[in-house]
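Breakdown of the fold
Single-letter residue listing:
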Amino acid sequence: MRREVGAAVALAAELGIRCEEPRIVNEGFNLLLELRPEPVLARIPTAMAEIRSPLESARTELAFAALLGESGIGAVRPSTLVPPGPHHADGFVISFWELENEVSRPLDVKAAAHSLRRIHDLDPRRASFLPPFRPIVELDVLLERIKARRLLEADDLELLKGEKERLTARLPERFDERPLHGDAHFHNIMETARGTIWIDLEDGCLGPVEWDMASLQTAARRLGQAPLARGNLGI
C-alpha cells in the first residue's frame, strides 16, 4: 500500500471511519482517495505540495468550500462524517470531503456559468482569506522545477519563459479583485444528484474575472467546441 494511502486510511480509522477498500479516484497534483464503503473522499497534495504550502492550501480550500456552501453556490463540500481537517499524518496533509454521487447526464454549462457568476459576485470581504492572484508567480516556480529536472529542452524552456514574459507585460498594473474559482474548466464541473457543482477549489484566489472566463474558453477549444458566447453561458 502506498504511503499516502496508508496514511489516509490510518487517519480515517483514528477518526472513526472504517475503510475496507481504498480506491484511488484521481492523481495529478493531488491524490484523491475514496474511503469505501464510506462516502468520504481523502485529498492529499502530492505534486502541488512542491508549489505551495499544502497546509495553507488545504485550509483555504476548505474555507472556500464552506463559504460557497453557506452562500448556496453549487460546489464540492467538506465531509460531515469526519472532521475535514486539514490533518497531518505521516508527513502528509490530508483533508476529507463528501463523496459526490455523480450522475450521467449532459454537462449543464449554463448552470455552471451561473454558479461561477455567483462566485464572482461574492463580497470580497467575505473571501478575504483567499490569496491574491497567483498564477504568474506560481508559473515561475513551475518553470524553475522544469529546468531543475530537465523536463524540457533548453530551447523549449526559453520559449515558455518568453511567452510568459510577453503575457505578463500585457497585464494591467491593477485590476478589480473578485473571488475566483481559479481553474474554471469543464473537467472541474460535475453533474451530481444534487445538481451541477464546481470541484477542485484549491486554486481559488482574488483576481480578475477574465481569468476564469478565459479558462472556460480555452477548455472549449481544447475539447473541439465552438467558443462560448455570453448568451450560451447564461451570464
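Residues numbered from 1 in each chain as written. Predicted model: local features only at pLDDT ≥ 70, side-chain atom pairs only at ≥ 80, totals over all residues. Heavy atoms only, no water.

Another aspect to go through is the overall build of the protein. For the protein, the helix and strand inventory stands at seven helices and nine strands. For 235 residues, the compact-globule estimate of 2.2 N^0.38 gives 18 Å, and the C-alpha radius of gyration of the protein, at 19 Å, lies within 12% of that figure. Each principal axis of the C-alpha atoms in the protein carries an extent, and together these give about 50 × 45 × 35 Å. Looking at the protein as a whole, 43% of its 235 residues qualify as buried. (Helix = DSSP H or I, 4+ residues; strand = E, 2+ residues; numbered from the N terminus. Rg over C-alpha atoms; globule rule 2.2 N^0.38 Å. Buried < 20%, exposed > 50% of the residue type's maximum accessible area, 1.4 Å probe, protein only.)

Here we come to empty space enclosed by the protein. On inspection of all chains with the given rule, the structure shows two cavities of 30 Å³ or more. Considering only enclosed or pocket space, the largest cavity measures out at about 40 Å³ in volume. Element by element, the count of residues in the lining of the largest cavity is highest for helix α2 (residues 54-70), at three residues. Looking at the lining of the largest cavity residue by residue, the classes come out as two nonpolar, three polar and three charged. (1 Å grid on protein atoms, 1.4 Å probe; cavity = no way out; pocket = protein on both sides within 12 Å on 5 of 7 lines; lining within 4 Å. Points joined across faces, edges and corners; volume = space filled by probe spheres on them. Nonpolar A, V, L, I, M, F, W, Y, C, P; charged D, E, K, R; others polar.)

This paragraph deals with the side chain of S115. If you trace the backbone, S115 turns up in helix α3 (residues 109-120). We classify S115 as buried; its relative accessible area is 9%. With sequence-adjacent residues up to four places away left out, S115 is seen in contact with I73, G74 and W198. (Contact = heavy atoms within 4.5 Å.)

A few words on the confidence of the model for the protein. On average, residues of the protein score 87 in pLDDT, and 93% of them are at 70 or above. Per-element confidence in the protein ranges from a low mean pLDDT of 51 for helix α7 (residues 230-233) to a high of 96 for strand β5 (residues 92-98). (pLDDT = per-residue confidence, 0-100.)

In terms of nonpolar packing, the biggest core is built from 26 residues, with F64, L68, W97, L116, I119, W198 and L201 touching the most fellow members. Every element with two or more residues in this core is listed here: α2, α3, β7 (189-192) and β8 (195-198). Looking at this core element by element, the count peaks at five residues for α2. Those residues in contact with F64 that lie beyond four places of it in its chain are I119, F129, L130, L180, H181, L201 and G204. (Core = buried A, V, L, I, M, F, W, Y, C linked by side-chain atoms within 4.5 Å.)

Once that is clear, we can look at the pairing of strand β1 (residues 19-27). Direction of pairing for β1 relative to strand β2 (residues 30-37): antiparallel, over a ladder of seven bridges. Note that in β2 the partner of C19 across the bridge is P37. Adjacent in sequence and paired antiparallel, β1 and β2 are bridged by two residues. (Pairing = 2+ DSSP bridges.)

The antiparallel open sheet is built from five strands, whose spatial order is β1-β2-β3-β5-β4. Two strands in the sheet have a free side with no partner beyond their single neighbour: β1 and β4 (87-89). Going from strand to strand, the sheet's axes swing by 35 degrees on average, the running direction of each strand aside. The sheet strands contacting helix α1 (residues 3-14) are β1, β2, β3 (40-45), β4 and β5, and the helix crosses β5 at an angle near 60 degrees. Against the sheet, α2 contacts β3, β4 and β5, and its axis sits at roughly 15 degrees relative to β5. (Axes fitted to C-alpha atoms, helices over the stretch in contact; angles between N-to-C directions.)

Now for a nonpolar patch on the surface. On the surface, a nonpolar cluster with roughly 270 Å² of combined accessible area is contributed by L151, L152 and L160. Of note, L160 is situated in helix α5 (residues 154-169). Taking the relative accessible area as the measure of exposure, L160 reaches 39% and is therefore partly exposed. (Patch = residues over 30% accessible without salt bridge, like charges linked within 9 Å, V, L, I, M, F, W, Y side chains within 5 Å. Areas by Shrake-Rupley, 256 points an atom, 1.4 Å probe, with all protein chains shown as cover. Salt bridge = Lys/Arg side-chain N within 4 Å of Asp/Glu carboxyl O.)

Together, E153, D155, D156 and E158 give the surface a local cluster of negative charge. In this structure, D156 sits in helix α5. (Lys, Arg positive; Asp, Glu negative; His and termini not counted. Charge placed at Lys NZ, Arg CZ, Asp CG, Glu CD.)

With that settled, the discussion passes to the environment of A111. Mapped onto the elements, A111 comes out in helix α3. Distance in space between the C-alpha atoms of A111 and E144 is 38 Å, their sequence separation being 33 residues.

One pass over the structure, following the stated rule, counts 20 salt bridges. Where R43 meets D200, a salt bridge forms, and the shortest distance between an N and an O atom there is 3.0 Å. One end of the pair, R43, is in strand β3; the other, D200, is in the loop between β8 and β9 (205-207), and 157 residues separate them in sequence. We note a salt bridge from D121 to R117, for which the minimum N-O separation is 3.3 Å. We classify D121 as partly exposed; its relative accessible area is 49%. Among the ionic contacts, a cluster of salt bridges with common partners joins R43, E61, D200 and E202.

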